[in-house]
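# Coordinate analysis (summary)
Below are the chains, spelled out letter by letter.
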Amino acid sequence: MKYTHSILAAITSLFLVISCGPSDKTQTTSSGFNYAIVHDASGSKANPGDFVYFELDIKDDKGKILQSVRDQPRMPVEQVPAEGETPQGQNVQIALKEALGAVSVGDTVSIIIPTDSLPPSPAMKDMVYIEYLIDIKEILSEEDYNARLAKENEEAQAKMAGAKARESEVASMIASTLDSYKKGTLKDIQKTPEGLEYVIHEKGSGPKLEHGKTLTAQYYGVLKSDGSMFDNSFSRGQGYPFALGTGAVIQGWHVGFANLSKGDKATLFIPYALAYGEAGRPGIPAKSDLVFYVEVE
C-alpha cells in the first residue's frame, strides 16, 4: 500500500478532529489501515469467528456522503477473522474485517481507506481518501448466525415464489395502465421538470427515498410504443437493489424514484433521453420511451 506525505497528513488531520476522548484512539489494522472507535459503547467485544451486523455511510475526504447503507431488508454483515486467519477480499473488506474484532454493539467505527490503495476510479480522482463510518448493530456467534441464515433463506424462498406468481398479474396491470395513458384516461399523472411522468397507484407507509441510500425495487419494464416487455424482476422473484442518485441505473430511475417513498407502487413513464437515448441497447430500439411498473420494498 502506498502512503504519500499528503495522504498521511490528511489522515492525521482527520483523526485529530474525530478523536475526542480517551476511548477514541486511532488504531492500525495488521494490514496497515487506520481506524478509530469514535463512539465506544463499552460492551462485550466481538470474538474471532463472530458475525457482526452493521449500517454505514461512505464519505469522501470532505465529509460528503457518497453512499448510505441503512434501513435495508438485509443488513450488511461480516465475519471476524478466526485466530491466525488472514482476511481475504478487496482492501476495504480486509480493513473492515480486521477492525470488527475490536468492536461491541453500539460502537461507531471510522475506517480510513486511502484512494491510492483502491482500484482507479474517475469518481475518486480528486479524493485523498474515503471514510467508512460504521454503526455496529448486532453481534452473533457462528451457530446463531447459521440458524438465522437458514430462517432467512426459507423466508426468501417463500417471498421469491410469491413474486414469481404475480408476474402475469403485473403484466396485465401495466398493459391496462399503458392503454389508459394512451387514451388519456389515466388519472393523477404527475410530471417532473425533466419530463418524466409518473402515477402512484398505492402509497406506502415508509419514508421518502433519499439520495445516496440503497433501495430495493421490484419492476416490470415495457416499451411505451407497443407495450412489449423487455425485462422484469418478478420473473426472477427478486427485487433489484441500487443506490439512489449515484449513476448505478438509468437517469429516469433516479428521477422517478426520487419522488417515491418506501412501500409505494407506481408506474414511471420515462422519455428516451432519460433512458437509453438515441442509441438504445439490445432489446430496446433507438429512441425508445420506456414504462416501468415499480414497487419499492
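Here the structure is a predicted model, which means the values were calculated and not measured. (Residues numbered from 1 in each chain as written. Predicted model: local features only at pLDDT ≥ 70, side-chain atom pairs only at ≥ 80, totals over all residues. Heavy atoms only, no water.)

Moving on, we come to the pattern of salt bridges. Taken as a whole and judged by the stated rule, the model has 17 salt bridges. The partner of Arg 70 in a salt bridge is Asp 57, and the shortest N-O contact between them spans 3.2 Å. Residue Arg 70 is located in the loop between β4 (65–69) and β5 (77–79), and its partner Asp 57 is located in strand β3 (residues 51–59); the two are separated by 13 residues in the primary sequence. The class of Arg 70 is buried, set by a relative accessible area of 16%. On the basis of relative accessibility, which here comes to 10%, the residue Asp 57 falls in the buried class. Across the salt bridge formed by Glu 169 and Arg 166, the nearest N and O atoms sit 3.9 Å from each other. A residue is classified by how much of its surface remains accessible, and Glu 169, at 49% relative accessible area, is partly exposed. Arg 166 gets classed as partly exposed once you look at its relative accessible area, which sits at 22%. Three or more residues are tied together by salt bridges with common partners; here these are Glu 55, Asp 57, Arg 70, Asp 135 and Lys 137. (Salt bridge = Lys/Arg side-chain N within 4 Å of Asp/Glu carboxyl O. Helix = DSSP H or I, 4+ residues; strand = E, 2+ residues; numbered from the N terminus. Buried < 20%, exposed > 50% of the residue type's maximum accessible area, 1.4 Å probe, protein only.)

Its volume calculated, the largest pocket comes out at about 730 Å³. At the level of elements, α3 (142–165) and β10 (214–223) are the ones that each hand at least two residues to the lining of the largest pocket. Per-element tally for the lining of the largest pocket: the top contributor is α3, with ten residues. Across the lining of the largest pocket, the residue classes break down as eleven nonpolar, nine polar and seven charged. (1 Å grid on protein atoms, 1.4 Å probe; cavity = no way out; pocket = protein on both sides within 12 Å on 5 of 7 lines; lining within 4 Å. Points joined across faces, edges and corners; volume = space filled by probe spheres on them. Nonpolar A, V, L, I, M, F, W, Y, C, P; charged D, E, K, R; others polar.)

Okay, helix α2 (residues 91–100) next. Along α2, eight of the ten residues are buried, which leaves the element largely enclosed by surrounding structure. Those residues of α2 not exposed but buried are Val 92, Ile 94, Ala 95, Leu 96, Lys 97, Glu 98, Ala 99 and Leu 100.

Following the sequence through the fold, Thr 214 ends up in strand β10. The class for Thr 214 is buried, based on a relative accessible area of 17%. At 3.3 Å, the side chain of Thr 214 forms a polar contact with the side chain of Gln 67. In this structure, Thr 214 is in contact with Gln 67, Ser 68, Val 69, Gln 72, Pro 241, Phe 242 and Ala 243, ignoring residues within four places of it in sequence. (Polar contact = N/O pair within 3.5 Å; in protein donor to acceptor, adjacent residues only side chain to side chain. Contact = heavy atoms within 4.5 Å.)

Attention shifts here to the packing of aromatic side chains. A complete count under the given rule lists 13 aromatic pairs for this structure. Consider the rings of Phe 51 and Tyr 145, whose centres lie 3.7 Å apart with planes at 5°: the pair is stacked. Placement of the pair is Phe 51 in strand β3 and Tyr 145 in helix α3, with a sequence separation of 94 residues. Using a relative accessible area of 9% as the deciding quantity, one classes Phe 51 as buried. (Phe/Tyr/Trp six-rings, centres within 6.5 Å; stacked < 30°, edge-to-face > 60°.)

This brings us to the side chain of Asp 135. Mapped onto the elements of the fold, Asp 135 is located in strand β7 (residues 129–140). Within the structure, the side chain of Asp 135 is placed 2.9 Å from the side chain of Arg 70, a separation counted as a polar contact. A polar contact of 2.7 Å, which involves the side chain of Asp 135, links it to the side chain of Thr 108. Leave out the neighbours within four places in its chain, and Asp 135 touches Tyr 53, Phe 54, Glu 55, Arg 70, Asp 107 and Thr 108.

Of all hydrophobic cores here, the largest spans 27 residues; its most connected members are Ile 111, Ile 113, Ile 130, Tyr 132, Ile 134 and Ile 136. Going through the elements one at a time, β2 (34–39), β3, α2, β6 (108–114) and β7 are the ones with two or more residues in this core. If you tally residues by element for this core, the top one is α2, at five residues. Among residues more than four places away in sequence, those in contact with Ile 111 are Asn 34, Tyr 35, Ala 95, Leu 96, Ala 99, Ile 130, Glu 131, Tyr 132 and Ile 134. Counting 25 residues, the second-largest nonpolar core is a separate cluster that includes Leu 215, Ala 217, Val 249 and Phe 257. (Core = buried A, V, L, I, M, F, W, Y, C linked by side-chain atoms within 4.5 Å.)

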